[in-house]
Amino acid sequence: MPHVTVFGSLNYDLVVSTPRVPQGGETIHCDSFATHCGGKGANQALAIRRLSPPTSVGVRMVGRVGEDAFGQQLKSGLEKAGTNVSLVETVPGESGVAVILVERSGENRILVSAGANGTYEPKDVKLDLFRVNGQALTDYLVLQNELPLPVVLRAIDVAYDSGIKIVYNPSPMEQSLLTPELISKISYLVVNESELAALIQEDFDILDFSNYDALIELVKKVHTKYDFKGTVVTTFGGHGTVYSIYGAESVFVKPFKAKQVIDTTGAGDSFLGAFVGAVADGKSVPEAIKWGAAAGCLAVGRQGAADSIPMLYEAQVLVESGH
Ligand code: RIB
């Protein structure tokens, strides 16, 4: 059975829903407050688990939480969902926390305090984390940018040398990391619209989402700019997705129509989890994109990050209905 390891952040999300974001020096009443489990790493691990059959794909989370009540909740939430958490360590200090403002349009603004996620050092990424007796322990490694960047770089090097396929979601975007040398080690680069703009160093003022050819050309630039021979997947929110497989096809995939947009937090993580789970399960890239799009579409209709991630059967209804 193929295995996916997610090496990344676990955050406790403090979510404020508000009519608007206050200005400097201003106090306003919000609509509601809620707490949810989150962190891009943990959300993606949970999404892979929820959106791929446990008999077909194994999922392991590698990360750190603090010695606080948040840490226990974060770890047990993943474990209850069936994710292997044997490599989620509890370290002295606080867990990662994200303060999230969600406006009525569903758009969010996120501030992250790294806490335990920030305690990793490159020397902690040992060869045996991904390899035993020369054998890779996992088939896919999923990474984001919520761990210290030298740690992300080290993990990419170690996994690449072990022959593990790397799925990289460079979020939050850190342009200094983006070198052709780093990108060449990635198999699947999954980005949103603003991350694509940073990758290809262009400002997108207004994108015409009905011009599929133009969107495809933008995504293809990643191959030329970085001599990238892997697959680029770019999500354009509710407007659709473009994938580009080097030397093969570059295609626009239409979105599923969300019934309502309540909170976009975690939608990208849901997409990524469903996509990776489907790829690991042997599905083609276009098929896997459909699963990702269905998961993201369902997630925006619910509050929270981890709590908004749909189940396999829910995404299946959408994928089979085709709209
Ligand atoms: O992608 C959404 C996540 O970003 C939230 O759960 C928050 O923790 C931040 O990491």
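Residues numbered from 1 in each chain as written. Predicted model: local features only at pLDDT ≥ 70, side-chain atom pairs only at ≥ 80, totals over all residues. Heavy atoms only, no water.

The name an unreviewed UniProt entry gives the protein chain is Ribokinase, with Lipomyces tetrasporus as the organism. Quoted straight from UniProt, the Pathway (unreviewed entry) entry for the protein chain says "Carbohydrate metabolism; D-ribose degradation; D-ribose 5-phosphate from beta-D-ribopyranose: step 2/2." For the record of the protein chain, the UniProt heading Subunit (unreviewed entry) holds the text "Homodimer." (UniProt positions renumbered as here; feature names shortened; annotations may be inferred.)

Caption draft 1: Looking closely at helix α2 (residues 69-80). Helix length check: α2 (twelve residues) gives 16 Å between terminal C-alpha atoms against 16 Å at 1.5 Å per residue, within 8%. Looking at the packing, one finds that the buried side of α2 touches β2 (11-18), β3 (32-38), α1 (40-51), β4 (58-66) and β5 (84-91). Positive phi shows up at G82, right after α2, with a value of about 100°. (Helix = DSSP H or I, 4+ residues; strand = E, 2+ residues; numbered from the N terminus. Expected span 1.5 Å × (residues − 1). Contact = heavy atoms within 4.5 Å.)

Caption draft 2: Representation of the UniProt feature "binding site: K(+)" (unreviewed entry) in the protein chain in the model. The sites that UniProt annotates as "binding site: K(+)" (unreviewed entry) are D263, T265, A299, R302, G304 and S308. Their sequence span is 46 residues, while the largest C-alpha to C-alpha distance among them is just 9.1 Å; these annotated residues converge on one region. Looking at the element boundaries, T265 is found in the loop between β15 (250-253) and α7 (267-280). Judged by relative accessible area, T265 falls into the buried class, the value being 6%. Polar contacts involving the side chain of T265 include one to the side chain of N108, which spans 3.1 Å. The residue G304 is located in the loop between α8 (285-299) and α9 (312-321) in this model. In this structure, G304 is in contact with H36, D263 and T265, ignoring residues within four places of it in sequence. (Buried < 20%, exposed > 50% of the residue type's maximum accessible area, 1.4 Å probe, protein only. Polar contact = N/O pair within 3.5 Å; in protein donor to acceptor, adjacent residues only side chain to side chain.)

Caption draft 3: Inspection of helix α6 (residues 212-226) at higher detail. A rise of 1.5 Å per residue sets the reference length of α6, with its 15 residues, at 21 Å; its end C-alpha atoms lie 22 Å apart and thus fit the reference within 8%. Residues of α6 that are buried include every one of L215, I216, L218, V219, V222, H223 and Y226, and no others. Along its buried surface, α6 packs onto α4 (180-183), β12 (188-192), α5 (193-200), β13 (231-235), β14 (241-245) and β15. The first or second residue beyond α6 is D227, which carries a positive phi of 50°.

Caption draft 4: Examining the environment of T234 more closely. Its place among the elements puts T234 in strand β13. For T234, a relative accessible area of 0% gives the class buried. Taking the C-alpha atoms as reference points, T234 and E195, separated by 39 residues in sequence, lie 8.7 Å from one another. When neighbours within four sequence positions are excluded, T234 is seen to be in contact with V191, N192, E193, L196, V219, G240, T241 and V242.

Caption draft 5: Quick look at unusual backbone geometry. The step from S171 to P172 runs through a cis peptide bond, and the omega angle for that step is -5°. Looking at the element boundaries, P172 is found in the loop between β11 (165-168) and α4. Positive phi outside glycine occurs at Q201, with the angle close to 55°. One can find Q201 in the loop between α5 and α6.

Caption draft 6: Molecular detail of the site of the ligand. Taken together, 13 residues surround the ligand, and among them D13, G39, K40, E146 and D269 come closest. Within the side chain of N43, an N or O atom sits 3.0 Å from an oxygen atom of the ligand. Compared with its free state, where it exposes 280 Å², the ligand has 96% of that area covered by protein. Of all the secondary structure elements, the ones that give two or more residues to the shell around the ligand are β2 and α1. Here the residues of the shell around the ligand are counted per class, giving three nonpolar, six polar and four charged. (Near = heavy atom within 4 Å. Areas by Shrake-Rupley, 256 points an atom, 1.4 Å probe, with all protein chains shown as cover. Nonpolar A, V, L, I, M, F, W, Y, C, P; charged D, E, K, R; others polar.)

Caption draft 7: Highlighting the side chain of H223. Inspection of the secondary structure puts H223 in helix α6. Reaching out from H223, the side chain makes a polar contact with the side chain of S244 at a distance of 2.9 Å. If near-sequence neighbours (up to four positions away) are discounted, H223 is found in contact with F228, G230, V232, S244, I245 and Y246.

Caption draft 8: Spatial organisation of the UniProt feature "active site" (unreviewed entry) in the protein chain. Following the UniProt record, the feature "active site" (unreviewed entry) maps to D269 here. Mapped onto the elements, D269 comes out in helix α7. On the basis of relative accessible area, D269 is assigned to the buried category, the value being 7%. Residues contacting D269, with those up to four places away along its chain left out, are K40, N43, Q44, A47 and N169.

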